[in-house]
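Per-entry structural report
Here are the chains, one letter per residue:
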Amino acid sequence: MPVTEEQKQILKTTSPIFKENGKEITSILYKHMFADHPELLNIFNRTNQKNGTQPFALANTMYLAIENIDHLDVLLPQFLLISHKHRASTVQPEHYPILGKYLLIAIDEFLGGMGDPDILGAWSAAYNMIVTIFINIEKRLYNELGDKSEQGFIPFTITKKEIIASGPIVAFTMERRDGGKMRDYHPGQYITIRIKKDGLYHIRYYSLIELFNGKTYRIAIKQEKNNESKGVVSTELIEKYKEGDTLSVSLPAGTYTLIPDAKHHLFIASGIGISVFSSMILDLHKQGKSDIVTLIHCVSTEDQAVFADQMHKILTKNQYYILLQGKHLLQVTITKTVTPKTHVYLCGSVTFMDKVEDYLGQCGHPFSQVHKEAFQPSLSLIKDAVKNQSTTKPL
C-alpha cells in the first residue's frame, strides 16, 4: 500500500520528534527485538550495537527517508550501500516485518504508549515502502551470486597468516575449502567473516587488499590495543586462528569504488584504513595511471605504515607521504596536493575523517568530490540529521 497524502502530513509533523530522538527510539527497538529474537544477533555486528553506531545509522536512514518520502530515488546510493551489507550478512525478506514490528513498538513506547493509530499507521506505511526497495535490491544482489549455496557463508581455508607491519598488522590469505569458483570483485570491496564464540555468531567486514587473482582472497587486520574497544572478530582471528583453519566467509560485496574519470586520485588514510585503498591503488597502477595518484598515510610510527614497500615501488616521493600523527603536517600536505580536479578518498576514524574534511573545506574543495569509507555503518557518519544521543542500551 502506498503512503497516502494524509499519512505524509502525519510523517512531516512527527519527523522533528524523530530527528531529536531517533537514536533513542531505535535503541529501544533493538533492545526489545533482541530480547524477543536473540537469533537476530547472528546477523548484526555486536560492537556496532554496543557503541550505538547501528541504532544511529538506522535512525538516520528512517529520518532521511521520511524527509524524502516523495523522491526516495535521491537516496538510492545509500540504499544500495546498505543492501550490499545486508546481502553480505545474509539478511532475508522475512527479517523486515520483525524489525518493522519493533519500530512501531519503540515509537509508541517513546510517545508514552498512546497507541495512536494514525501515527503508527503512517510510520508503518512509510517503513513498508522503504523496505520494499531494500528487498528488491537485495533480491537482485542474491540472484547475481547464482546458486543458493553461493548466497550465504562458505567455508574457506586460511592458507597463509603473517605479520606484515608493526601493531601488529596481520594478513590472512584464504581459499575456498569446497574448491568452488572464486567470485571476482572490484577494488574497494570487502568480504564478510563470521565466527562463533561462546555459542554466538559474530560478523565483521574486511576490505580485500589485493587485485583479484582467481584463487585467493587476502585481508589485513590490526591487533587492537589493550586500552581500545576490541572488535570480537578481529581479536579472535589474530589470537586464535592459524593456517589450515576454516573460516565462514560470504562473497565480496560493497559499493565503494574508484571514480573512473577522475583526473587526480588523493587517498588519505589513518592506520589500518589504508587496507581499503591498497587494491584501488594497485588497480590504477595496472591501468598505467599511477602518475595521477597521491597517497597520504597517517600512522603513529613509521613501522606501522603497512604496504610501504609496495607503495614506494609504485609512487614517487612526491606522491607518497607517510605522516606521523601529532606532527601537524597533514593540513599542509593536503593543501599542497589537492586541486580542483582531485577526487579524495578517506578512511579512518570518524574524528580523523572529520578533521580531514575540515581541512578540505578550508581549501574550498567540493564535498561531492570527497568519498568516505568507515569501519562502522556508513549512515552513522551523516551530519545534521538525527541527534547522536540516547540513554537506552540496545545490548
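Residues numbered from 1 in each chain as written. Predicted model: local features only at pLDDT ≥ 70, side-chain atom pairs only at ≥ 80, totals over all residues. Heavy atoms only, no water.

Naming follows an unreviewed UniProt entry, where the chain appears as nitric oxide dioxygenase of Rotaria sordida. As recorded by UniProt, the Cofactor (unreviewed entry) comment attached to the chain reads in full: "heme b". (UniProt positions renumbered as here; feature names shortened; annotations may be inferred.)

**Overview of the state of the cysteines**
For the structure on display, the rule yields zero disulfides. Cys347 provides the cysteine sulfur closest to Cys298, a residue in no disulfide bond, and the two sulfurs are 12 Å apart. Looking at Cys363, it has no disulfide partner, and the nearest cysteine sulfur is the one in Cys298, 14 Å off. (Disulfide = S-S within 2.5 Å.)

**Some points on the pairing of strand E6 (residues 246–253)**
Burial analysis of E6 places six of its eight residues in the buried class, which makes it a mostly covered element. In terms of strand pairing, strand E1 (residues 154–165) meets E6 through four bridges, oriented antiparallel. Looking at the pairing, Ile154 lines up with Val249 of E6. The pairing of strand E3 (residues 190–197) with E6 spans four bridges and is classified as antiparallel. Paired with Ile193 across the bridge in E6 is Val249. (Buried < 20%, exposed > 50% of the residue type's maximum accessible area, 1.4 Å probe, protein only. Helix = DSSP H or I, 4+ residues; strand = E, 2+ residues; numbered from the N terminus. Pairing = 2+ DSSP bridges.)

**Looking at the UniProt feature "domain: Globin" (unreviewed entry) in the chain**
According to UniProt, the "domain: Globin" (unreviewed entry) feature falls on residues 2–139. Segment residues 2–139 splits into 75% helix and 0% strand. End C-alpha atoms: 21 Å apart.

**Here's the deal with the domain arrangement of the chain**
Each assigned domain of the chain is listed here: domain 1 (5–145), domain 2 (148–253) and domain 3 (264–390). The centre of domain 1, based on its C-alpha atoms, is set 31 Å off from the matching centre of domain 3. The interface of domain 1 with domain 3 comprises 20 residues on the first partner and 13 residues on the second. The largest contributions to the domain 1 side of the interface with domain 3 come from Glu20, Lys23 and Phe56, which together make up 31% of the buried area. Taken together, the connections running from domain 1 to domain 3 amount to one salt bridge. Counting the contacts that link domain 1 with domain 3 gives four residue pairs in polar contact (both at pLDDT 80 or more). Elements that contribute at least two residues to the side of domain 1 that touches domain 3 include exactly helix H1 (5–36), helix H3 (53–67) and helix H4 (76–88). For the side of domain 1 that touches domain 3, the element with the most residues is H3, which contributes nine residues. Each residue belonging to the side of domain 1 that touches domain 3 can be placed in one class, and the counts come to eight nonpolar, eight polar and four charged. (Domains from an automatic or database assignment. Contact = heavy atoms within 4.5 Å. Buried area = accessible area lost by both parts, 1.4 Å probe. Salt bridge = Lys/Arg side-chain N within 4 Å of Asp/Glu carboxyl O. Polar contact = N/O pair within 3.5 Å; in protein donor to acceptor, adjacent residues only side chain to side chain. Nonpolar A, V, L, I, M, F, W, Y, C, P; charged D, E, K, R; others polar.)

**Regarding the side chain of Asp283**
Considering the arrangement of structural elements, one finds Asp283 in helix H8 (residues 278–286). Although Asp283 lies buried, it forms no salt bridge, and the closest oppositely charged side chain, Lys286, sits 5.9 Å away as judged by the N-O distance. Excluding its chain neighbours within four sequence positions, the residues that come into contact with Asp283 are Pro187, Leu211 and Leu258. (Lys, Arg positive; Asp, Glu negative; His and termini not counted.)

**Considerations on the sheet that holds E6**
Spatially, E4-E3-E6-E1-E2-E5 is the arrangement adopted by the six strands of the open sheet, whose pairing is antiparallel. Each of the sheet's edge strands pairs with one partner strand only, and the pair in question is strand E4 (200–207) and strand E5 (217–222). Neighbouring strand axes in the sheet, compared pairwise and without regard to direction, differ in orientation by 40 degrees on average. Packed on one face of the sheet, H4 meets E3, E4 and E6 and runs near 155 degrees to E6. (Axes fitted to C-alpha atoms, helices over the stretch in contact; angles between N-to-C directions.)

**Some details on the pattern of salt bridges**
Scanning the entire structure with this criterion turns up 14 salt bridges. Between Arg218 and Glu210 there is a salt bridge whose closest N-O contact spans 3.1 Å. For Arg218, a relative accessible area of 14% puts it in the buried group. The residue Glu357 makes a salt bridge to Lys372 at a minimum N-O spacing of 3.1 Å. Of the two residues, Glu357 is situated in helix H11 (residues 350–362) and Lys372 in strand E11 (residues 370–373); the sequence distance between them amounts to 15 residues. Among the charged side chains, a network of salt bridges with common partners joins Lys160, Glu162, Glu210 and Arg218.

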